[in-house]
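Each chain is listed here by its residues.
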Amino acid sequence: MDAKPYNKRKHLASAKLLLKNNDLSSLRHASLEMRYFLEAHVYERLLKDADQLPKSIIQKWEPNKAMKMLSMFDKLADMDLTLTISEHDGSSPIKIHYNNIKNSELTKIYNNLGSYLHLPQPSKAKDFSINKEKLLKIFETIKVLIRGNLIIIKTDYSTFECESCQQAILFTSWYIENNESILCQNDSCKVEHFIERYDGGCRFGSKIQCTCKCGAELEIFHSKLKIGEVIKCTSCLVKYRVDPNLTPIK
Ligand SMILES: [Zn+2]
Ligand SMILES: [Zn+2]
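Residues numbered from 1 in each chain as written. Chains lettered and ligands numbered in written order. Predicted model: local features only at pLDDT ≥ 70, side-chain atom pairs only at ≥ 80, totals over all residues. Heavy atoms only, no water.

(A) Geometry of the coordination of the zinc ion (ligand 2). At 2.2 to 2.4 Å from the zinc ion (ligand 2) lie its protein donor atoms, namely C212 (SG), C214 (SG), C233 (SG) and C236 (SG). Bound by four donor atoms, the zinc ion (ligand 2) shows angles of 105 to 112° at the metal and therefore tetrahedral coordination geometry. Motif for the zinc ion (ligand 2), donor spacing along one chain: C-x1-C-x18-C-x2-C. A residue is classified by how much of its surface remains accessible, and C233, at 0% relative accessible area, is buried. By relative accessible area, which is 32% here, C236 ends up partly exposed. (Donors = N, O, S within 2.8 Å, 3.2 Å for Na, K, Ca; no water. Tetrahedral: all angles 85-135°; square planar, octahedral: opposite > 155°, others 65-115°. Buried < 20%, exposed > 50% of the residue type's maximum accessible area, 1.4 Å probe, protein only.)

Right, dumping it as C-alpha cells:
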C-alpha cells in the first residue's frame, strides 16, 4: 500500500487557481480542494507508517477519523521536526524541516472549510457569502505542508483484541503513557478499555469482574452498563437485571 493515490500538490494547485476568482462557486470549489489537500496529507502521513499499522484498520478510516487517530497515537504527528545532518566532525550541518500544523488547528481549518460546502442555514441564506480573505489566509497556512514532509519517525504501533467485538484496537506506547483508557475503534462497538500499567507492560480491561452463580464470568462492560439492563449468562442462561443499590458512606 503506498501513498500515491493521494496527490497533495494537485489539490493545492487547483485551489490556488480557483482562489484567483471571486465568484461563490469558485470559492466553494477552492474550499473543497483545500479539504482534499488536508485529507491527502493525513493519509500520506498514515500510509508512511503502513508497515506497522494494520492495513485493514486504516483502510476503513474516513478523513475525520484518520486525522483524530493520527494525533491520538503519535506525539510527533502534531509537531514541526528539524533534522540535522552533518559530517562526522559535526561540520557543514544541513537542516531539514518537517512542516506540520498542530492537529487541533488542522481539524479547525478542515471543519471551517467544510462549512462552505453546505447550503447556508435559512437564517443566513439571504446574504450568504464566502470570505475570500479568510480562504487566502487558510491557503497560506496549509501550504507549508507541501515542503520537506519526508521526515517520518516511525511510531511503535501495537494492537490488542477488543473484549467485546474481537477486532484489533490500535495503540502506541506514547498513548498508553498519557491516557487512562482507550475506546475500541470499531465505530459500532466503541467499548472503553481501561489501561492498567505495570512494570514493563500494560493490560487492558473493559469488563467488570462478576461471576454468575454457575461459576462462569458474566459479560459486563464498564462503558455499557445501564440501570435496568438485563444480562444473560452465556453458560447457564440465567438472566440478571442491573439495579441501583445505594449505600450511604459513613
Ligand atoms: Zn470492539
Ligand atoms: Zn451462569
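(B) Region of interest: the nonpolar core. In this structure, M34, L38, L135, I142 and I182 are the most contacted members of the largest nonpolar core, which totals 46 residues. Secondary structure elements with two or more residues in this core: α1 (8-18), α2 (24-48), α4 (63-73), α5 (103-115), α6 (132-142), β3 (157-161), β4 (168-172) and α7 (173-178). Take this core: its biggest share by element is eight residues, from α2. Shared between two domains, this core takes at least three residues from each, and those domains are domain 1 (8-146) and domain 2 (157-205). Ignoring anything within four residues of it in the chain, the contact list for L38 reads M67, L106, I109, Y110, L113, I142 and L145. In this structure, C212, L218, I220 and I231 belong to the second largest nonpolar core, which totals seven residues. (Core = buried A, V, L, I, M, F, W, Y, C linked by side-chain atoms within 4.5 Å. Helix = DSSP H or I, 4+ residues; strand = E, 2+ residues; numbered from the N terminus. Domains from an automatic or database assignment. Contact = heavy atoms within 4.5 Å.)

(C) Seen up close, the coordination of the zinc ion (ligand 1). In this structure, C162 (SG), C165 (SG), C184 (SG) and C189 (SG) serve as the protein donors to the zinc ion (ligand 1), at separations of 2.3 Å. Coordination at the zinc ion (ligand 1) comes from four donor atoms whose angles at the metal span 105 to 113°, giving a geometry best classed as tetrahedral. Read from N- to C-terminus, the donor residues coordinating the zinc ion (ligand 1) fall into the pattern C-x2-C-x18-C-x4-C. Since its relative accessible area comes to 0%, C162 is described here as buried. We classify C165 as partly exposed; its relative accessible area is 25%.

(D) How the structure looks around the sheet that holds strand β5 (residues 181-183). Reading across from one edge, β5-β6-β7 is the order of the three strands in this open sheet, with antiparallel pairing throughout. For this open sheet the edge positions go to β5 and β7 (201-205), each flanked by a neighbour on one side alone. Between one strand axis and the next, the sheet turns by 30° as a mean value, whatever way the strands run. Bridge count for β5 against strand β6 (residues 192-198) is three bridges, and the pairing is antiparallel. Bridge pairing in β6 places L183 opposite E192. (Pairing = 2+ DSSP bridges. Axes fitted to C-alpha atoms, helices over the stretch in contact; angles between N-to-C directions.)

(E) Representation of the pairing of β7 in the model. Here β6 runs beside β7; their pairing, made up of five bridges, is antiparallel. Each bridged residue has a counterpart across the sheet, and for R197 the counterpart in β7 is C202. Between β6 and β7, which follow one another and run antiparallel, lie two residues, and G200 among them has a positive phi close to 80°.

(F) Main features of unusual backbone geometry. Even without being glycine, Q166 reaches a positive phi, approximately 70°. Relative to the elements of secondary structure, Q166 occurs in the loop between β3 and β4. Look at K190: it is not a glycine, yet its phi comes out positive at around 60°. In this fold, K190 is placed in the loop between β5 and β6. What makes K190 partly exposed here is its relative accessible area of 47%.

(G) Fine view of the pairing of β3. Of the pairings in the sheet, the one linking β3 to β4 comprises five bridges and is antiparallel in character. Bridge pairing in β4 links T159 to L170.

(H) The packing of α5 against α6, seen in detail. Packing of α5 against α6 brings their axes to within 12 Å, and their N-to-C directions diverge by 145°. As for how α5 packs across α6, the hand of that crossing is left-handed. Residues E105, I109, N112 and L113 of α5 pack against K134, L135, I138, T141 and I142 of α6. Class assignment for the residues of the contact of α5 with α6 results in five nonpolar, two polar and two charged. (Left-handed = near helix turned anticlockwise from the far one by under 90°. Nonpolar A, V, L, I, M, F, W, Y, C, P; charged D, E, K, R; others polar.)

(I) View of α6. The complete set of buried residues in α6 reads K132, L135, I138, F139 and I142. One side of α6 holds all its buried residues, which, seen down the axis, span an arc of 115°. Relative to its buried face, α6 has exposed residues pointing more than 90 degrees away, namely E133 and K137. The N-cap residue of α6 is N131: its side-chain oxygen and the backbone nitrogen of E133 are 3.0 Å apart. (Arc of directions from axis to C-beta. Polar contact = N/O pair within 3.5 Å; in protein donor to acceptor, adjacent residues only side chain to side chain.)

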